[in-house]
Amino acid sequence: MIQTRISCLRQKLKIRPTELFPKHHYSTFSQDQKLISLLNSCADAREISQIHGLMVKTGLDRIPFTLSKLLASAIVDIDYAASIFKHVQDPNLFMFTTMLRGFSGSEDPKQALSLFNHVRTLGIVLDQFCFITTLKACARLLVIHCGRGIHGLILRSGHGLFINVMNTLLSLYCLCGSIRDAHQLFDECPQKIDLVSWSTLLGGYLHVAQPTMVIELFRQMGRSGLEFGISTILTVLSAAGESGNHTGGECIHGYCIKIGFCSDVSLSTALISMYAKTRRVDLGRRVFDGAPRRDVISWNCLIDGYAKSGQLEESLALLWLMKIEQVKPNSSTLAQLLSSCAASGAASVGQCIYDYVEEEQVVMDAVLGTALVDMYCKCGFLDEAIEVFYKMGTKDVKSWTAMISGYGVHGHAKNAVELFYKMEEEGFIPNEITFLTVLNACSHGGLVVEAMNCYERMVKKYGFSPGVEHYGCMIDLLGRAGLIEEAYKLIKRLPTKSDTTAWRALLAACRVHGNVDLGERVRRELIGTHNEHPTDSLLLTSTYAIAGRLPDHTKMQEMKEEKTMEVDHWSIENRKDKMSKEPGCSIIEMDSERWEDLSTVRGLVN
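No experiment lies behind these values; they were computed from the predicted model shown. (Residues numbered from 1 in each chain as written. Predicted model: local features only at pLDDT ≥ 70, side-chain atom pairs only at ≥ 80, totals over all residues. Heavy atoms only, no water.)

1. Focus: the packing of helix 27 (residues 448-461) against helix 28 (residues 468-480)
Line of reasoning, step 1. Packing of helix 27 against helix 28 brings their axes to within 11 Å, and their N-to-C directions diverge by 160°. Here helix 28 runs roughly antiparallel to helix 27, going by the angle between their axes. Of the two elements, helix 27 crosses helix 28, and the hand of that crossing is left-handed. Side by side, helix 27 and helix 28 meet where Val448, Ala451, Met452, Tyr455 and Met458 of the first sit next to His470, Tyr471, Met474, Leu477 and Leu478 of the second.
Line of reasoning, step 2. Classifying every residue of the contact of helix 27 with helix 28 gives nine nonpolar, one polar and no charged. (Axes fitted to C-alpha atoms, helices over the stretch in contact; angles between N-to-C directions. Helix = DSSP H or I, 4+ residues; strand = E, 2+ residues; numbered from the N terminus. Parallel < 35°, antiparallel > 145°, perpendicular 65-115°, else oblique. Left-handed = near helix turned anticlockwise from the far one by under 90°. Contact = heavy atoms within 4.5 Å. Nonpolar A, V, L, I, M, F, W, Y, C, P; charged D, E, K, R; others polar.)

Here it is in structure tokens:
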């Protein structure tokens, strides 16, 4: 169709002399209007390039008006648009703004910042659209310092009076987590704020995990007399769920019923999610059953709500109901349910989900496959996890990490390291979590050399800064291998001096090897910088026992007890409170039933 239209336009343009066009700076010919209409109907860069060729042949590429329209259409392929823009001799503000918009939405938004600086050096007076597109690029890059600089330019140029500029600035500060700056900007312009401003600020507080502030602002918004939109209600419902504010969520639900919002699918889904998060999944089920329309996200929210509340059988029943109602589940539906199975050790439910995947021929993508691997590994079925892993059509770094972790948890440290190297060979770049799982596997398998190599690759090849968890794995590894002095030197180089886990891992290693002297040094470090914990005394006592010096330790304890008698009654009671230990429990699955075992813990407590 477009080929026919281009041919017709080409025939019409033949009657016009090309040499006249350079003198025109704007277009009024009907043929030019048809050309613009044709550009707007193009679906991709290939069709645009054909019209571009026609413009070059007829001289229309030298008229600013038509060239601007060509650029505006060509930004669907920013590289192609950039190649056109590079040959423009005297670009106008519209062309610069068009390219800023294209770069801002591209895979490399930094080019928008470079072009913005170039426009400023040319002395061109910027308009509000230049500022808006550049601020959006800053938001995508999360470069708050650049955003603040542009904010200053906006204030000096007077463009801060435009509400769309202010709202874009507000969005930038919220996305970058600078909520104080966002709220200050919001308060500075009370006469200009609109529904978008309120919704942006509400979303900003939700982004920085301050849901109670979202609800308080929502009350203020109600007193301002503004009518709420669906997006605002969705934000507040999410905040009510995050804060566990069941009463507030019910009030918003009542308001939605009153104004007739509940027919909206996204709103009913948000209500289900809110009730699930506030532990009222039964009310979420009522919303679900009464919704006039339901999509797969609604099903996912309710299934996830039942699963997280421990009602896995209800989640499974909903899965089969989806099949009856011919609703096709997606990978997220099953992945959320499998995650709950892994957390609770419900292997039978996980197996039912896998059977469902096989029966319904659900595509084994990276999300679903990773969830299955993780479930099987955590439930103790390593062979099944390996089978699923190699069946996956597509894998990502999370898939490889889950399988490496599974090998490590089941004591197959060498397999974990081999899989890590295979992951690199296939072009996947490991992240910090991947290295943590490999180091943890090496620690439990006693693979000192392999762990050192992985640690070196993490720092030198990939440039990751080791976290406290990575140091903890290395300290535990060296301690298990008997290299406790080296572990002590490593712990002294920790980026933070307040990590008790690493020190207690070293103290446990001293117990294994009966190193009393180092054990005493570690204990002094713990007492000097941290609160005393019963574990420290138990580990040190065991260290003396293994070293055959328990009588020496007993004498030292008796001397300490004599000094303790001088402490007042309040301090003794306070010490007992600090050294109390909370009872725990274990859950296992036997014959498709889950049992909670407290007998061992009760024996210790009693």
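Picking up after the structure, the text goes on.
2. Here we look at the packing of helix 22 (residues 366-378) against helix 23 (residues 382-391)
Line of reasoning, step 1. Here helix 22 crosses helix 23 at 165°, and the two axes come no closer than 8 Å. Here helix 22 lies roughly antiparallel to helix 23, going by the angle between them. Seen along the crossing, helix 22 lies across helix 23 with a hand that is left-handed. The residues of helix 23 that touch helix 22, namely those facing Gly369, Leu372, Val373, Tyr376 and Cys377, are Leu382, Glu384, Ala385, Val388 and Phe389.
Line of reasoning, step 2. Across the contact of helix 22 with helix 23, the residue classes tally to eight nonpolar, one polar and one charged.

3. With respect to the confidence of the model for the protein chain
Line of reasoning, step 1. When pLDDT is averaged along the protein chain, the result is 81, and 83% of the positions lie at 70 or above.
Line of reasoning, step 2. A low-confidence stretch, residues 12-28 (pLDDT under 50), is modelled with 32 contacts involving residues beyond four sequence positions or located in other chains.
Line of reasoning, step 3. In this model, residues 566-581 is a region of pLDDT below 50 whose contacts with residues beyond four sequence positions or in other chains number three contacts. (pLDDT = per-residue confidence, 0-100.)

4. Some words on the pattern of salt bridges
Line of reasoning, step 1. Summed over all chains, the structure comprises 14 salt bridges.
Line of reasoning, step 2. Across the pair Lys308 and Asp304 runs a salt bridge whose closest N-O atoms are separated by 3.2 Å. In this pair, Lys308 and Asp304 both sit in helix 18 (residues 296-308), four residues apart, roughly one turn of the helix.
Line of reasoning, step 3. What makes Asp304 buried here is its relative accessible area of 16%.
Line of reasoning, step 4. A salt bridge links Lys460 to Glu456, with the shortest nitrogen-to-oxygen separation between them at 3.2 Å. Here Lys460 pairs with Glu456, and both are found in helix 27, just four residues apart, close to one helical turn.
Line of reasoning, step 5. Residue Glu456 is classed as partly exposed on the basis of its relative accessible area, which comes to 39%.
Line of reasoning, step 6. Connected via shared salt-bridge partners are Glu358, Glu387 and Lys391. (Salt bridge = Lys/Arg side-chain N within 4 Å of Asp/Glu carboxyl O. Buried < 20%, exposed > 50% of the residue type's maximum accessible area, 1.4 Å probe, protein only.)

5. A word on the packing of aromatic side chains
Line of reasoning, step 1. For the coordinates displayed, the defined rule picks out 17 aromatic pairs.
Line of reasoning, step 2. Pairing Phe186 with Trp198 gives two aromatic rings, centres 4.9 Å apart and planes at 75°, and the pair type is edge-to-face. Taken as a pair, Phe186 in helix 11 (residues 179-188) and Trp198 in helix 12 (residues 195-207) lie far apart in primary sequence, 12 residues in all.
Line of reasoning, step 3. Looking at Phe186, the relative accessible area reads 5%, which means it is buried.
Line of reasoning, step 4. Accessibility expressed as a relative area gives 6% for Trp198, which makes it buried.
Line of reasoning, step 5. Ring plane angle 15° and centroid distance 6.3 Å describe the contact between Tyr462 and Phe464, whose orientation is recorded as stacked. (Phe/Tyr/Trp six-rings, centres within 6.5 Å; stacked < 30°, edge-to-face > 60°.)

6. Some points on the nonpolar core
Line of reasoning, step 1. Ile233, Leu372, Val373, Met403 and Leu506 are the most contacted members of the largest nonpolar core, which has 167 residues in total.
Line of reasoning, step 2. In contact with Leu506, not counting residues within four places along its chain, are Ile475, Ile484, Ala487, Tyr488, Ile491 and Val522. (Core = buried A, V, L, I, M, F, W, Y, C linked by side-chain atoms within 4.5 Å.)

7. Things to note about the side chain of Ser399
Line of reasoning, step 1. Considering the arrangement of structural elements, one finds Ser399 in helix 24 (residues 397-409).
Line of reasoning, step 2. Given the relative accessible area of 0%, Ser399 is considered buried.
Line of reasoning, step 3. A polar atom in the side chain of Ser399 sits 2.8 Å from the side chain of Asp396. (Polar contact = N/O pair within 3.5 Å; in protein donor to acceptor, adjacent residues only side chain to side chain.)

8. Considering helix 18
Line of reasoning, step 1. For helix 18, with 13 residues, the first-to-last C-alpha span of 18 Å sits near the 18 Å given by 1.5 Å per residue.
Line of reasoning, step 2. Where burial is concerned, most of helix 18 is hidden: 10 out of the 13 residues are buried.
Line of reasoning, step 3. Of the positions making up helix 18, those classed as buried are Ser298, Trp299, Asn300, Cys301, Leu302, Ile303, Asp304, Gly305, Tyr306 and Ala307.
Line of reasoning, step 4. Elements that come into contact with the buried residues of helix 18 comprise helix 16 (265-277), helix 17 (281-290), helix 19 (312-324) and helix 20 (331-344).
Line of reasoning, step 5. Directly beyond the C-terminal end of helix 18, a positive phi value near 90° is found at Gly310. (Expected span 1.5 Å × (residues − 1).)

9. Quick word on the environment of Val327
Line of reasoning, step 1. Positionally, Val327 belongs in the loop between helix 19 and helix 20.
Line of reasoning, step 2. When its relative accessible area of 22% is taken as the criterion, Val327 is described as partly exposed.
Line of reasoning, step 3. Taking the C-alpha atoms as reference points, Val327 and Val296, separated by 31 residues in sequence, lie 7.1 Å from one another.
Line of reasoning, step 4. With residues up to four places along the chain from it excluded, the contact list for Val327 reads Trp299 and Met322.

10. Structural notes on the side chain of Thr437
Line of reasoning, step 1. With respect to the helices and strands, Thr437 occurs in helix 26 (residues 432-445).
Line of reasoning, step 2. A polar side-chain atom of Thr437 sits 2.6 Å from the main-chain carbonyl oxygen of Thr434.
Line of reasoning, step 3. Non-local contacts of Thr437, meaning those with residues more than four positions away in its chain, are made with Thr401, Ile404 and Ser405.

11. Structural notes on helix 3 (residues 45-58)
Line of reasoning, step 1. With 14 residues, helix 3 should reach 20 Å at 1.5 Å per residue; the first-to-last C-alpha distance of 20 Å fits that figure.
Line of reasoning, step 2. For helix 3, the complete set of buried residues consists of Ala45, Glu47, Ile48, Ile51, His52, Leu54, Met55 and Thr58.
Line of reasoning, step 3. Directly beyond the C-terminal end of helix 3, a positive phi value near 90° is found at Gly59.

12. Let's talk about the state of the cysteines
Think of a disulfide as a covalent bridge from one cysteine sulfur atom to another cysteine sulfur atom.
Line of reasoning, step 1. Applying the stated criterion to the full structure yields zero disulfides.
Line of reasoning, step 2. Free cysteine: Cys138, not disulfide-bonded; nearest cysteine sulfur from Cys146 at 5.2 Å.
Line of reasoning, step 3. Using a relative accessible area of 0% as the deciding quantity, one classes Cys138 as buried. (Disulfide = S-S within 2.5 Å.)

13. A look at unusual backbone geometry
Line of reasoning, step 1. With a phi close to 60°, Ala209 is a non-glycine residue in the positive phi region.
Line of reasoning, step 2. With respect to the helices and strands, the residue Ala209 is situated in the loop between helix 12 and helix 13 (211-223).
Line of reasoning, step 3. Ala209 gets classed as exposed once you look at its relative accessible area, which sits at 61%.
Line of reasoning, step 4. The backbone of Gln326 sits at a positive phi, close to 60°, despite the residue not being glycine.
Line of reasoning, step 5. Tracing the sequence through the fold places Gln326 in the loop between helix 19 and helix 20.

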